[in-house]
Amino acid sequence: MMFFHRPFSSSCVRWLSACGAALLVAACAAPTSPVPVARSASATTAPVKVKVFVAAMFEIGQNTGDRAGEFQHWYERYWKGAAPMAVPGALQPVYCNADGVCGAVLGMGKVNSSSSMQAILLNPQFDFSQAYYVISGVAGTPPARGTIGEVSWATWLVDYDLGHRWAPEENKPGEPTFMPRKGYEEYRRFKLNPDLVGWAMKLSSSTQLKDSDSARKYRLRYPDAAARRAPFVGTGTHMTGDTFFHGPGMSKQAQYIAKLYGADDYVITEMEAAAITLVIKRTHGTDRVMSLRGAVNFDQGNPKESTLQHLDPAPGETAGGFAETVENIALVGTRVVGHIVANWPQWQAGVPRP
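Below, the structure is looked at part by part. Computed from a prediction, not measured in an experiment: that's the story for all the values here.

## What to know about the overall build of the chain
Next up, step 1: The number of helices and strands found in the chain is 10 helices and 13 strands.
Next up, step 2: Every one of the 354 residues in the chain was classed for burial, and the buried ones make up 59%.
Next up, step 3: The long-range share in the chain, meaning contacts at least 24 apart out of those at least 6 apart in sequence, stands at 77%.
Next up, step 4: As displayed, the chain offers around 14,300 Å² of accessible surface, 53% of which is attributable to carbon and sulfur atoms.

Listed below in structure tokens is the structure:
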């Protein structure tokens, strides 16, 4: 369902473009190679008191020095030189600095990312009792509500997959082809702490975001005023699903599900946040969870291209701005992380009133 969700290697031509699919890289992201572990749990070692945990889903190559994926800008800001901490059951090691900021690459998709998150949360090397979380990555957006390079803080997280679906030809024309699965009410939607979202916007909405000529040119293919905007910091519902959906019909269905569940407008499609949040909820609750996504593609083609053309574009026809977007995510997110850590006495016991 997520739209663009991951950078691809040079051999990957699938620039997954729908909102639910991380068009660009989703299936093609190169996993970070394992790093020798310099530290492991010990009965005599006090656990790291985590103040903020940053979760990324993939990195293209190394953590520093090459083309940046979702983790590199965070790593270079907080963990250069930090010893990797191995966690059995997690995809990649965790890194922490002396200020209590920790982070890791969890893996793409709901199962991959949430299993890593659970392994990390339950590992005795860490104390998450007062931690804040930033679930960070790239995503897709509908052209009626977002643009390439924008950065969005989630107000709601909604699971796209938990329900019943059937083929459009087996339905009455124009009616939805989705029905919620009863009994999953506590698993499929999460309203994130409004005070925390308010703080995130207060601290980051004025961030000067990066843009590119290729992204500017690509936006002009769409008639929507939102799609043609320069990158901005916004809020809305983030839709989590393992299906890379494409096209106006699927985008409309995502908005339908968001409204069906009483959430805000659907503005971001991604693959992990609701699943990761469910894991955190079962251990520490959701009051300190933030979801931060940058849009690298639209969830549908422009009026002059078919959905399949958008899904498998010709060379040179993909959206630009990937490098700028992953940098924008870190530019926005570090403002909030830095503020929390610098003012820890005010944040330690819970989110202050904005």
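## Details of the packing of helix α4 (residues 194-204) against helix α9 (residues 322-342)
Next up, step 1: Here α4 crosses α9 at 110 degrees, and the two axes come no closer than 9 Å. The orientation of α4 relative to α9 falls into the category roughly perpendicular. In the crossing of α4 with α9, the sense of the turn from one axis to the other is right-handed. The residues of α9 that touch α4, namely those facing W199, A200, L203 and S204, are V332, R335, V336 and H339.
Next up, step 2: Considering only residue class, the contact of α4 with α9 consists of 5 nonpolar, 2 polar and 1 charged.

## Some points on the state of the cysteines
Next up, step 1: As enumerated under the stated definition, the model contains 1 disulfide in all.
Next up, step 2: Paired through a disulfide, C96 and C102 show a sulfur-sulfur distance of 2.1 Å. Where C96 bonds to C102 through sulfur, the torsion about that S-S bond is close to 110 degrees, and the disulfide is right-handed.
Next up, step 3: Assessed through its relative accessible area of 13%, C96 is described here as buried.

## Focus on helix α7 (residues 273-284)
Next up, step 1: In a regular helix each residue adds 1.5 Å, so 12 residues correspond to 16 Å; α7 covers 16 Å between its end C-alpha atoms and thus fits that length.
Next up, step 2: Three or more residues of α7 are buried, namely A273, A274, A275, I276, T277, L278, V279 and I280.
Next up, step 3: Backbone geometry just downstream of α7 places G285 in the positive-phi region, at approximately 85 degrees.

## Observations regarding the layout of surface pockets
Next up, step 1: Computed from the structure, the largest pocket encloses a volume of approximately 250 Å³.
Next up, step 2: In terms of lining residues, the largest pocket is bounded by 13 residues, among which G174, E175, P176, T177 and Q253 are the most central.
Next up, step 3: Classifying every residue of the lining of the largest pocket gives 5 nonpolar, 5 polar and 3 charged.
Next up, step 4: By volume, the second largest pocket amounts to about 180 Å³.
Next up, step 5: The wall of the second largest pocket is formed by K110, S114, Q118, D159, L162, Y187, A274, A275, L278, V279 and R282.
Next up, step 6: Those elements that place two or more of their residues in the lining of the second largest pocket are α2 (110-121) and α7.

## Focus: the pattern of salt bridges
Next up, step 1: Across all of its chains, the model carries 14 salt bridges by this definition.
Next up, step 2: With its nearest N and O atoms 2.7 Å apart, the salt bridge here joins D213 to R216. Within this pair, D213 and its partner R216 are both found in helix α5 (residues 213-219), separated by 3 residues, close to a single helical turn.
Next up, step 3: When its relative accessible area of 63% is taken as the criterion, D213 is described as exposed.
Next up, step 4: Overall, the relative accessible area of 41% leaves R216 in the partly exposed class.
Next up, step 5: Across the salt bridge formed by R293 and E270, the nearest N and O atoms sit 3.4 Å from each other. Of the two residues, R293 sits in strand β13 (residues 289-298) while E270 sits in strand β12 (residues 266-270), which places them 23 residues apart along the sequence.
Next up, step 6: Residue class for R293 comes out buried when judged on its relative accessible area of 0%.
Next up, step 7: Among the residues examined, E270 registers a relative accessible area of 0% and is labelled buried.
Next up, step 8: Here the residues in one salt-bridge network are D211, D213, R216 and R219, joined through shared partners.

Cut-offs used in this document
- Residues numbered from 1 in each chain as written.
- Predicted model: local features only at pLDDT ≥ 70, side-chain atom pairs only at ≥ 80, totals over all residues.
- Heavy atoms only, no water.
- Helix = DSSP H or I, 4+ residues; strand = E, 2+ residues; numbered from the N terminus.
- Buried < 20%, exposed > 50% of the residue type's maximum accessible area, 1.4 Å probe, protein only.
- Contact = heavy atoms within 4.5 Å.
- Areas by Shrake-Rupley, 256 points an atom, 1.4 Å probe, with all protein chains shown as cover.
- Axes fitted to C-alpha atoms, helices over the stretch in contact; angles between N-to-C directions.
- Parallel < 35°, antiparallel > 145°, perpendicular 65-115°, else oblique.
- Left-handed = near helix turned anticlockwise from the far one by under 90°.
- Nonpolar A, V, L, I, M, F, W, Y, C, P; charged D, E, K, R; others polar.
- Disulfide = S-S within 2.5 Å.
- Expected span 1.5 Å × (residues − 1).
- 1 Å grid on protein atoms, 1.4 Å probe; cavity = no way out; pocket = protein on both sides within 12 Å on 5 of 7 lines; lining within 4 Å.
- Points joined across faces, edges and corners; volume = space filled by probe spheres on them.
- Salt bridge = Lys/Arg side-chain N within 4 Å of Asp/Glu carboxyl O.

That is the geometry; function is a separate question.
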